[in-house]
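A closer look at the structure
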Amino acid sequence: MEHIVVLTGAGMSAESGLKTFRDENGLWEGHDVMQVASPQGFAKNPELVLDFYNQRRRQLQDAKPNAAHKALAGLEKDYKVSIITQNIDDLHERAGSSRVIHLHGELFKVRSTYNPSDIKPWRKDLHLGDTCERGHQLRPHVVWFGEDVPMMGKAIDTCQKADILMIIGTSMQVYPAAGLIHYIPDETQVYFIDPKPNITGSSRLTVIAEPATTGVRKAISLFNL
Ligand code: APR
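Residues numbered from 1 in each chain as written. Predicted model: local features only at pLDDT ≥ 70, side-chain atom pairs only at ≥ 80, totals over all residues. Heavy atoms only, no water.

1. Brief notes about the site of the ligand
So the rule is basically this: Near residues are defined by distance, with any heavy atom within 4 Å of the molecule or strand qualifying the residue. Counted as a polar contact is a pair of N or O atoms within 3.5 Å, where, for protein atoms, one must be capable of donating a hydrogen and the other of accepting one, and residues adjacent in sequence contribute only when both atoms are in side chains. Accessible surface is estimated by sampling points in the Shrake-Rupley manner with a 1.4 Å probe; for residues, cover comes only from the protein chains shown. Under the scheme applied here, ten amino acids are nonpolar (Ala, Val, Leu, Ile, Met, Phe, Trp, Tyr, Cys and Pro), four are charged (Asp, Glu, Lys and Arg), and all others, including Gly, are polar.
Near the ligand there are 21 residues, and of these A10, F21, T170, S171 and D194 occur at the shortest range. One of the side-chain nitrogen or oxygen atoms of T170 is found 2.7 Å away from an oxygen atom of the ligand. Surface burial for the ligand is 92%, taken as the share of its 740 Å² of free accessible area covered by protein chains. In the shell around the ligand, the residues fall into eight nonpolar, eight polar and five charged.

Here you go:
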């Protein structure tokens, strides 16, 4: 069975009503990303950071997978599909995708600030004073700027086995995620779907300058396997 690997970014969930990071002058829901997505920001104002993710968590409870999430889930009928997402939402899973690697963590999980592998599901608000069993403050299970990306090894292995790579809704500005494209085999076809594609051409690259919901369908119709 051919292996379709999909790298998704914030644009994938834009039509589900979740804002992207860099479309509005570098502000994420009105905040400087370094304020709410860095260890320094958390050290400086933990309350503001926890409240910010509480709002994101509540917003995600009400969001629904869009047609593009569903189209990717539907591909599993005919192909092996691996999704590598930079998104912290769970919309790929809710659409029915079974193999999802979260490079930048998951909004519905928290972890101990003392032991990063002490991770647990969490759907409600998180406050100062909410602790792990050993008494240490819990924090969002999200990869912030400057932090390690523990799922990178698995993502690289996955890209090395891609027959087709689809890249959807990402500005390709954040590393190491953006560097994954360099790990695919030479013959792998690449489809890049984004209304403002930030990538240069090569013979194996097809750029579809459309929103995810229409662009994913178009890319699938062009697969040549
Ligand atoms: N369909 C597809 N793409 C879209 C849509 C849409 N409807 N709307 C916007 N886009 C595209 C934009 O053109 C842009 O290229 O989505 C992309 C969003 O880019 P960013 O906001 O930079 O998001 P992303 O690439 O996912 O950011 C990477 O940065 O802040 C960190 O950890 C955070 O995972 C995030 C990482």
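That shown, we press on.
2. Some thoughts on the sheet that holds strand β6 (residues 105-112)
Strand-to-strand pairing in sheets goes through backbone hydrogen bonds, with the strands running parallel or antiparallel. Selection rule: Criterion used throughout: strands pair if DSSP finds at least two bridges between them. Put simply, DSSP marks the helices as runs of H or I at least four residues long and the strands as runs of E at least two long, and each gets a number from the N terminus on. Orientation is described by lines fitted to C-alpha atoms, with helices fitted over the stretch in contact, and by angles between N-to-C directions that extend from 0 to 180 degrees.
One open sheet holds the three strands; their spatial order is β7-β6-β8, and the pairing between them is antiparallel. Since the sheet does not close on itself, it has two edges, and those belong to β7 (119-121) and β8 (138-142), each with one partner. Strand-to-strand twist of the sheet, defined as the mean angle between neighbouring strand axes without regard to direction, takes the value 45 degrees. Note: β6 against β7, three bridges, orientation antiparallel. The partner of V110 across the bridge, within β7, is K120.

3. Here's the deal with the UniProt feature "binding site: substrate" (unreviewed entry) in the protein chain
The condition that has to hold: UniProt positions are given in the numbering used here, feature names are shortened, and annotations may be inferred rather than shown by experiment. In this analysis, two residues are considered to be in contact whenever any of their non-hydrogen atoms come within 4.5 Å of each other.
Cross-referencing UniProt, the feature "binding site: substrate" (unreviewed entry) maps to Y53 and R56 in the present numbering. Here Y53 is to be found in helix α3 (residues 46-62). Not counting chain neighbours up to four residues away, the residues in contact with Y53 comprise W28, V36, A37, I88, L107, P140, V142 and W144. Among the polar contacts made by the side chain of Y53, one reaches the main-chain carbonyl oxygen of V36 at a distance of 2.9 Å. Considering the arrangement of structural elements, one finds R56 in helix α3.

4. Digging into the sheet that holds strand β9 (residues 164-168)
One open sheet holds the six strands; their spatial order is β5-β4-β1-β9-β10-β11, and the pairing between them is parallel. Where the open sheet ends on each side, the last strands, each with one partner, are β5 (100-102) and β11 (205-208). Within the sheet, the average angular offset between the axes of one strand and its neighbour, ignoring direction, is 15 degrees. Here strand β1 (residues 3-8) pairs with β9 via five bridges, running parallel. Residue pairing in the sheet places V5 in a bridge with L165 of β9. Strand contacts of helix α7 (residues 212-222): β9, β10 (189-193) and β11, with the helix running at about 160 degrees to β10, the strand carrying the most contacts.

5. Here we look at the domain arrangement of the protein chain
Note the following rule: Domain extents, as shown, originate in an automatic or database domain assignment. When two parts are brought into contact, each loses some accessible area as probed by a 1.4 Å sphere; the total of that loss over both is the buried area. When a carboxyl oxygen of Asp or Glu is within 4 Å of a side-chain nitrogen of Lys or Arg, the pair counts as a salt bridge.
Structurally, the protein chain comprises domain 1 (1-18 + 65-104 + 149-225) and domain 2 (25-62 + 108-142). Contacts between the two partners involve eight residues from domain 1 and, on the opposite side, seven residues from domain 2. Each partner contributes to the roughly 560 Å² buried at the junction of domain 1 and domain 2, and carbon and sulfur atoms together form 62% of this total. Viewed at the interface, domain 2 and domain 1 are joined by zero salt bridges. In this structure, the connection of domain 1 to domain 2 is made through one residue pair in polar contact (both at pLDDT 80 or more). In terms of residue class, the side of domain 1 that touches domain 2 is made up of three nonpolar, two polar and three charged.

6. Structural notes on the packing of aromatic side chains
To keep things clear, this is the line we draw: Classification of ring pairs uses Phe, Tyr and Trp, with its six-membered ring standing for Trp, and accepts pairs whose centres are within 6.5 Å; under 30 degrees between planes counts as stacked, over 60 as edge-to-face, and the remaining range as tilted. Summary of the burial criterion: residues with accessible area below 20% of their type's maximum are buried, those above 50% are exposed, and those between are partly exposed, where the area comes from a 1.4 Å probe applied to protein chains only.
Scanning all chains against the criterion turns up five aromatic pairs. Centroid distance F42 to W144: 5.2 Å. Interplanar angle 50 degrees. Geometry classified as tilted. Taken together, the residues span a long stretch of sequence, with F42 in helix α2 (residues 39-44) and W144 in the loop between β8 and α6 (152-159) at a distance of 102 residues. Owing to a relative accessible area of 12%, F42 belongs among the buried residues under this scheme. The interplanar angle of 90 degrees and the centroid separation of 5.3 Å between the aromatic rings of F52 and Y53 together place this pair among those described as edge-to-face.

7. A closer look at the pairing of β1
With six of six residues buried, β1 lies mostly within the body of the structure. Alternating positions in β1 separate into two faces, H3, V5 and L7 on one and I4, V6 and T8 on the other, with burial throughout. Pairing geometry for β1 and strand β4 (residues 80-85), over six bridges, is parallel. Note that in β4 the partner of V6 across the bridge is I83.

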